[in-house]
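Next come the chains, spelled out residue by residue.
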Amino acid sequence: MRIILLGAPGVGKGTQAKLISEHYKIPHISTGDILRGNINKRTSLGLKAKSYIEKGELVPDDLVVSIVKDRLEKEDCKAGFVLDGFPRNLYQAKTLSEILKENKCMIDKVILIDVNKAEILERISGRRFCRNCGANYHIKFNPSKLNDRCEKCGEQLLQREDDSKDVVLERLSVYSRTINPLANYYSAHGLLTKIQGNEGIENTFNRICSTLQSVYSLLV
Ligand code: AMP
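What you see is a predicted model, and the numbers here were worked out from it, not measured in a lab.

Notes on the packing of helix α6 (residues 117-125) against helix α7 (residues 165-188)
Here's step 1: Across the interface, α6 lies against α7 with an axial gap of 11 Å and an inter-helix angle of 135°. Overall, the two elements α6 and α7 adopt an arrangement that is oblique. Here the hand of the crossing between α6 and α7 comes out right-handed. Each of K117, I120, L121 and I124 in α6 lies in contact with α7, whose residues at this interface are V168, L169 and L172.
Here's step 2: Here the residues of the contact of α6 with α7 are counted per class, giving six nonpolar, no polar and one charged.

This is the structure:
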């Protein structure tokens, strides 16, 4: 099953993508995670992407498209994948369709998670992560039992640099400029389902699963 998750920063795409990945046994591909990994390892891709991410702007399409193309060619993507953070604009969406067409496959479902702006800001301001093992927390909704340390490895928890207020506002503004053409594109292909994401992780996941179940039963 080939799935795309759309939604503003902070709606919980990463959390839901991880749950979908475990449930349907398909890889979770997050362009944001791949870019941050490259920044941490100081690769040339990371160096090119860093300044855009710090400002909350989109990284140039050619860089992101080539990351996704390489990743989709890997063996574990043959049975499907869940894309989180890609595509971010119409050009990326059309390029993705072409890449999949070359491999004689296509997207099965696009889910747009919708959460209101006040809640997004509350969610993002409380997000914390562990640089050592990648675990994610939220100071209110999913706090670590060790306060500001990671439950899994004991490392100090950090806030993503691009989760600071000014950068978040820029990321939300980029999102509101780009989401409509993207949603219209997938809607015109009969692939888009919008899901309310403001009732907790489990409820949102259940809604996503009921949408995906009908697609899944057609594929197996
Ligand atoms: P995310 O973790 O998905 O919120 O992405 C964090 C940042 O990575 C974004 O604000 C962008 O700067 C960059 N980024 C991630 N995915 C893309 C993409 N598909 N196109 C352009 N930039 C991206």
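Additional details are given in the paragraphs that follow.
A closer look at the environment of I99
Here's step 1: By the element assignment, I99 lies in helix α5 (residues 90-102).
Here's step 2: When its relative accessible area of 6% is taken as the criterion, I99 is described as buried.
Here's step 3: Expressed as a C-alpha distance, the spacing of I99 and G134, which sit 35 residues apart in the sequence, is 29 Å.
Here's step 4: Not counting residues within four places of it along the chain, the set of residues in contact with I99 comprises V65 and K69.

Regarding the sheet that holds strand β1 (residues 2-6)
Here's step 1: Within the open sheet, the five strands sit side by side as β2-β3-β1-β4-β7. Their pairing is parallel. Looking along the sheet, the strands with just one partner apiece sit at the ends: β2 (28-30) and β7 (192-196). For this sheet the average axis-to-axis angle between neighbouring strands, irrespective of direction, equals 25°.
Here's step 2: When β1 meets strand β4 (residues 109-114), the two strands line up parallel, connected through four bridges. Across the sheet, the residue bridging to L5 is I111, located in β4.
Here's step 3: Contacts between helix α2 (residues 31-40) and the sheet are confined to β2 and β3 (81-84), with β2 contributing the most and set at about 65° to the helix.

About the criteria used
Residues numbered from 1 in each chain as written. Predicted model: local features only at pLDDT ≥ 70, side-chain atom pairs only at ≥ 80, totals over all residues. Heavy atoms only, no water. Axes fitted to C-alpha atoms, helices over the stretch in contact; angles between N-to-C directions. Helix = DSSP H or I, 4+ residues; strand = E, 2+ residues; numbered from the N terminus. Parallel < 35°, antiparallel > 145°, perpendicular 65-115°, else oblique. Left-handed = near helix turned anticlockwise from the far one by under 90°. Contact = heavy atoms within 4.5 Å. Nonpolar A, V, L, I, M, F, W, Y, C, P; charged D, E, K, R; others polar. Buried < 20%, exposed > 50% of the residue type's maximum accessible area, 1.4 Å probe, protein only. Pairing = 2+ DSSP bridges.

The quantities given are spatial measurements derived from coordinates; they are silent on function.
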